[in-house]
Protein chains: 2
Amino acid sequence: MADVAESERRILVAVDEGEESMHALSWCLKNVVSQNSKDTLILLYAKPPRAVYTALDGTGYLFSSDILAAMEKYGADVAACVLEKAKKMCKDLQQDAKVEARVENGDPRDVICQMAEQLGADVLVMGSHGYGLIKRAFLGSVSNHCAQNVKCPVLIVKKPKTNAGSK
Amino acid sequence: MADVAESERRILVAVDEGEESMHALSWCLKNVVSQNSKDTLILLYAKPPRAVYTALDGTGYLFSSDILAAMEKYGADVAACVLEKAKKMCKDLQQDAKVEARVENGDPRDVICQMAEQLGADVLVMGSHGYGLIKRAFLGSVSNHCAQNVKCPVLIVKKPKTNAGSK
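Residues numbered from 1 in each chain as written. Chains lettered and ligands numbered in written order. Predicted model: local features only at pLDDT ≥ 70, side-chain atom pairs only at ≥ 80, totals over all residues. Heavy atoms only, no water.

*Asks:* Can you walk me through the packing of helix H1 (residues 19-31) of chain A against helix H3 (residues 65-93) of chain A in this structure?
*Replies:* Helix packing for two helices is described by the angle between their axes and how far apart those axes are. All names here are of chain A. Their axes nearest at 10 Å, the elements H1 and H3 cross at an angle of 25°. Taken together, H1 and H3 sit at an angle that is classed as roughly parallel. By crossing handedness, the relation of H1 to H3 is classed as right-handed. Seen from H1, the contacting residues are Met 22, Leu 25, Ser 26, Leu 29 and Lys 30; seen from H3, they are Val 82, Lys 85, Ala 86, Met 89, Cys 90 and Leu 93. Taken together, the residues that form the contact of H1 with H3 break down as 8 nonpolar, 1 polar and 2 charged. (Axes fitted to C-alpha atoms, helices over the stretch in contact; angles between N-to-C directions. Helix = DSSP H or I, 4+ residues; strand = E, 2+ residues; numbered from the N terminus. Parallel < 35°, antiparallel > 145°, perpendicular 65-115°, else oblique. Left-handed = near helix turned anticlockwise from the far one by under 90°. Contact = heavy atoms within 4.5 Å. Nonpolar A, V, L, I, M, F, W, Y, C, P; charged D, E, K, R; others polar.)

*Asks:* I tried to follow helix H4 (residues 108-118) of chain B on my own but got confused; where do I start?
*Replies:* Helical geometry note: an α-helix holds 3.6 residues per turn, so side chains three or four residues apart project in the same direction. Residue and element names in this part refer to chain B. Looking only at H4, the buried set comprises Val 111, Ile 112, Cys 113, Met 115 and Ala 116. Against the buried residues of H4 lie strand E1 (10-15), strand E2 (40-47), strand E3 (98-105), strand E4 (123-127) and helix H6 (142-149). If you check the start of H4, you find a side-chain oxygen 2.8 Å away from the backbone N of Arg 109, and it comes from Asp 107. (Buried < 20%, exposed > 50% of the residue type's maximum accessible area, 1.4 Å probe, protein only. Polar contact = N/O pair within 3.5 Å; in protein donor to acceptor, adjacent residues only side chain to side chain.)

*Asks:* In this structure, what is going on with the sheet that holds strand E5 (residues 154-157) of chain A? I would like to understand it.
*Replies:* Working definition: the strands of a sheet are paired by backbone hydrogen bonds and lie parallel or antiparallel to each other. Within the open sheet, the 10 strands sit side by side as E3(A)-E2(A)-E1(A)-E4(A)-E5(A)-E5(B)-E4(B)-E1(B)-E2(B)-E3(B). Their pairing is mixed. Among the strands making up the open sheet, the edge pair consists of strand E3 (98-105) of chain A together with E3 of chain B. Within the sheet, the average angular offset between the axes of one strand and its neighbour, ignoring direction, is 20°. Here 8 bridges tie strand E2 (residues 40-47) of chain A to E3 of chain A, and the two strands are oriented parallel to one another. Within E3 of chain A, the residue paired with Leu 44 of chain A across the bridge is Arg 102 of chain A. (Pairing = 2+ DSSP bridges.)

*Asks:* Can you help me understand the nonpolar core in this one?
*Replies:* Side chains of a nonpolar character, in soluble globular proteins, are inclined to be buried together. Core analysis: the biggest nonpolar cluster contains 52 residues, and Leu 41 of chain A together with Leu 41 of chain B have the highest contact counts within it. In this structure, Leu 41 of chain B is in contact with Ile 11, Val 13, Leu 25, Cys 28, Leu 29, Val 33, Cys 90, Ala 97, Lys 98, Val 99 and Glu 100 of chain B, ignoring residues within four places of it in sequence. In terms of nonpolar packing, the next biggest core, distinct from the first, is built from 42 residues, Leu 44 and Leu 119 of chain A together with Cys 146 and Ile 156 of chain B among them. (Core = buried A, V, L, I, M, F, W, Y, C linked by side-chain atoms within 4.5 Å.)

*Asks:* I would appreciate a short explanation of the pairing of strand E1 (residues 10-15) of chain A in the present structure.
*Replies:* Residue and element names in this part refer to chain A. Counting buried residues along E1, 5 of its 6 residues qualify, which places the element largely inside the surrounding structure. The sheet contact formed by E1 and E2 spans 6 bridges and is parallel. Bridge pairing links Val 15 to Tyr 45 in E2. Inspection of the sheet shows E1 paired to strand E4 (residues 123-127) by 3 bridges, in the parallel sense. Looking at the pairing, Leu 12 lines up with Leu 124 of E4.

*Asks:* I tried to follow the interface of chain B and chain A on my own but got confused; where do I start?
*Replies:* Often, the extent of an interface is quoted as the loss of accessible area upon association of its parts. Each partner contributes residues to the interface: chain B has 27 residues there, and chain A has 27 residues. Together chain B and chain A conceal approximately 2700 Å² of surface at their shared face, both sides included; 48% is due to carbon and sulfur atoms. By the criterion of area lost to chain A, the three top residues of chain B are Asn 31, Gln 148 and Lys 158 of chain B, representing 20% of everything that side buries. At the boundary of chain B with chain A, the tally comes to 12 residue pairs in polar contact (both at pLDDT 80 or more). Counting only elements with at least two residues in the side of chain B that touches chain A, the list comes to helix H1 (19-31), H6 and strand E5 (154-157) of chain B. Broken down by element, the residue count for the side of chain B that touches chain A peaks at 5 residues, all from H1 of chain B. In terms of residue class, the side of chain B that touches chain A is made up of 11 nonpolar, 7 polar and 9 charged. Sheet analysis places E5 of chain A next to E5 of chain B, joined by 3 bridges and oriented antiparallel. The residue of E5 of chain B that forms the bridge with Ile 156 of chain A is Val 154 of chain B. (Buried area = accessible area lost by both parts, 1.4 Å probe.)

Below is the structure:
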């Protein structure tokens, strides 16, 4: 059995705009990363190729290159903002943990699986990316896909319903 | 956010005959349960209702009640054996952790989801129960089902391929 020293793990956390992935990161920092550990947290933001999907709008007109550039810029800003927020959370909850941040372009399902493999992650942490019943039937949940295709252990953390006080 | 003190978590681990669930338990003991913690590990074995499914064999003949009783007895023996092995692993890897063991009858998918809820688990740990592509298409993977339906965080641990030495 390939033992992993608890203190030198590479923990890959997939983050996105949603509150759920921040909750997953927070849960991981409190429950998986141990104090004074040498764990490395790798924050991964997968930037979906929006420009490709939306190059044609509903009416069939092509967006101008200006608009596409603006959308690309917007996507980069969102990525930076999400990663800033995530890094701050790491600092607040586990001062000593090493933190790396990455942005990768592509379908989150592919990006997360590839990176888990490539970076030799010891565990992958992510929100459940539920999408609701109907959308899931078409898209498939990102977390389902990753749980099936990633070789390392996968920790899926759902955002608890905010029923004031109830667990 | 409902914070859970790291030292008082209820960790539900679904175990079965497969080596994969034992690997999941071992990973959890090394990576999630912390030394000197007050974590409680709850080992859950779901006993599938074999007797019901196999009351008619392929030829349409009913099994005699003797055979059914023997099968029932066999199921109980397997459950006891699996839980013994799991408890021993807990003792070996985390001497201080409190350990409880439960056997529940029913489809593992339902049993695990119900118990996670009922026991107020802070995290559910399980193997991936892959089944292979064809069987999965019909049965659905137990871990997929649980990841979708359980409210608490779910940690899915796959058994690494035994390619001598490679990770």
